[in-house]
Amino acid sequence: MDEITRRMLINDDKIAEGYFPRKYKCSQGVWTIGYGRAETNGLRDFEKEMLNVSSYRELSYLDENEATILLENDIDYFETLVANEFDFYYKLPQFAKYVLTDCAFNMGMTRLRKFKGMLNAIENNDWFNACKECIDSKYFSQVRRRSLRNALILITGDINIGVEQCDEVYNILKKRIK
């Protein structure tokens, strides 16, 4: 994805994840720190060196700058995974790259791969059905506002859609999708 879209995703994920300087268990029971760095993602060697630790378990505190660096690394890492997994990725518009990378970061590649209907719709530039599949999912029931925002980005093509607009637009869409 281009640098402007990448920066927007990083900033939006900072808001969605929130900054937690100390480890906590997320809603899925996974130890997490900073801006959503899950224990299951571990630390890459260069991150261990930067943070002066030998493993994720040694992390007890991240300042905001360190958390931002880890988030940027995660976005780059998950974008690479998505691009390598789905050969149609490079043909997609920026907004679709944004959504796929955000979904991979938020739920992981294993869960993203299970979104066959949404992935098929995205591959075929069928934004209405991509939106519908995103809303009609377990993901939606777990992280409603984030998944709704991603669904609305898919149908509008606008990564600038505000969180505050989500509920209003969802109520309108809900009537039309059924």
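Residues numbered from 1 in each chain as written. Predicted model: local features only at pLDDT ≥ 70, side-chain atom pairs only at ≥ 80, totals over all residues. Heavy atoms only, no water.

**Re the sheet that holds strand 3 (residues 37-38)**
Strand pairs in the sheet, formed through backbone hydrogen bonds, run parallel or antiparallel to each other. Cut-off, in case you're wondering: Between any two strands, at least two bridges found by DSSP are needed for them to pair. For the purposes of this entry, the term helix denotes a DSSP run of H or I that reaches at least four residues, the term strand denotes a run of E that reaches at least two, and both are numbered from the N terminus.
Taking strand neighbours across the sheet as the criterion, the 3 strands line up as 1-2-3 in an open arrangement whose pairing is antiparallel. A single partner strand is all that each edge strand has here, and the edge strands are strand 1 (20-25) and strand 3. Where strand 1 and strand 2 (residues 31-34) come together, 3 bridges link them in antiparallel fashion. Each residue of the ladder has a partner; that of F20, found in strand 2, is G34.

**Structural notes on the packing of helix 6 (residues 116-123) against helix 7 (residues 127-135)**
The condition that has to hold: Axis definition: a line fitted to C-alpha atoms, over the contacting stretch in the case of helices. Angles run 0 to 180 degrees between N-to-C directions. Throughout this description, any angle smaller than 35 degrees is read as roughly parallel, any larger than 145 degrees as roughly antiparallel, any in the 65 to 115 degree range as roughly perpendicular, and the remainder as oblique. For any pair of crossing helices, the crossing counts as left-handed if the nearer helix is rotated counterclockwise from the farther one by less than a right angle, and right-handed if it is rotated clockwise. In this description, contact between two residues means that some pair of their heavy atoms is separated by no more than 4.5 Å. All amino acids are sorted into three groups, where Ala, Val, Leu, Ile, Met, Phe, Trp, Tyr, Cys and Pro are nonpolar, Asp, Glu, Lys and Arg are charged, and the leftover types, Gly among them, are polar.
It is the contact of helix 6 with helix 7, at a shortest axis distance of 8 Å, that shows an interaxial angle of 160°. It follows from the interaxial angle that helix 6 and helix 7 lie roughly antiparallel. Taken as a pair, helix 6 and helix 7 cross one another with a handedness that is left-handed. Only W127, N129, A130, E133 and C134 of helix 7 make contact with helix 6, whose side of the interface consists of G117, M118, A121 and I122. Considered class by class, the residues forming the contact of helix 6 with helix 7 number 6 nonpolar, 2 polar and 1 charged.

**Thoughts on the nonpolar core**
Note the following rule: In plain words, nonpolar cores are sets of buried Ala, Val, Leu, Ile, Met, Phe, Trp, Tyr and Cys residues tied together by side-chain atoms within 4.5 Å. Only protein chains enter the area calculation, which uses a 1.4 Å probe; residues under 20% of their type maximum are buried, those over 50% are exposed, and those in between are partly exposed.
Ranked by size, the top nonpolar core spans 53 residues in total, and within it L100, L112, M118 and I122 carry the most contacts. Contributing elements (two or more residues each) for this core: helix 1 (3-17), helix 3 (64-85), helix 4 (94-107), helix 5 (109-113), helix 6, helix 7, helix 8 (138-142) and helix 9 (144-156). The dominant element in this core, judged by the number of residues it contributes, is helix 4, at 9 residues. Those residues in contact with M118 that lie beyond four places of it in its chain are L100, C103, L112, A130, E133, C134 and L154.

**What to know about the pattern of salt bridges**
Side chains that carry opposite charge are capable of pairing whenever their charged atoms lie near each other. Our working rule: Throughout this description, the term salt bridge denotes a Lys or Arg side-chain nitrogen within 4 Å of a carboxyl oxygen of Asp or Glu.
If you walk through the whole model with that rule in mind, you get 15 salt bridges. Note that E47 is salt-bridged to R37, the shortest N-O span being 2.9 Å. Taken together, the residues span a long stretch of sequence, with E47 in helix 2 (residues 45-51) and R37 in strand 3 at a distance of 10 residues. R37 shares its class with E47; the two are buried. Across the pair R113 and E85 runs a salt bridge whose closest N-O atoms are separated by 3.0 Å. Here the residue R113 occupies a position in helix 5, and E85 occupies one in helix 3, the gap between them amounting to 28 residues. Here R113 falls in the partly exposed class, since its relative accessible area comes to 32%. Through salt bridges with shared partners, one network takes in E3, R6, R7, E72 and D76.

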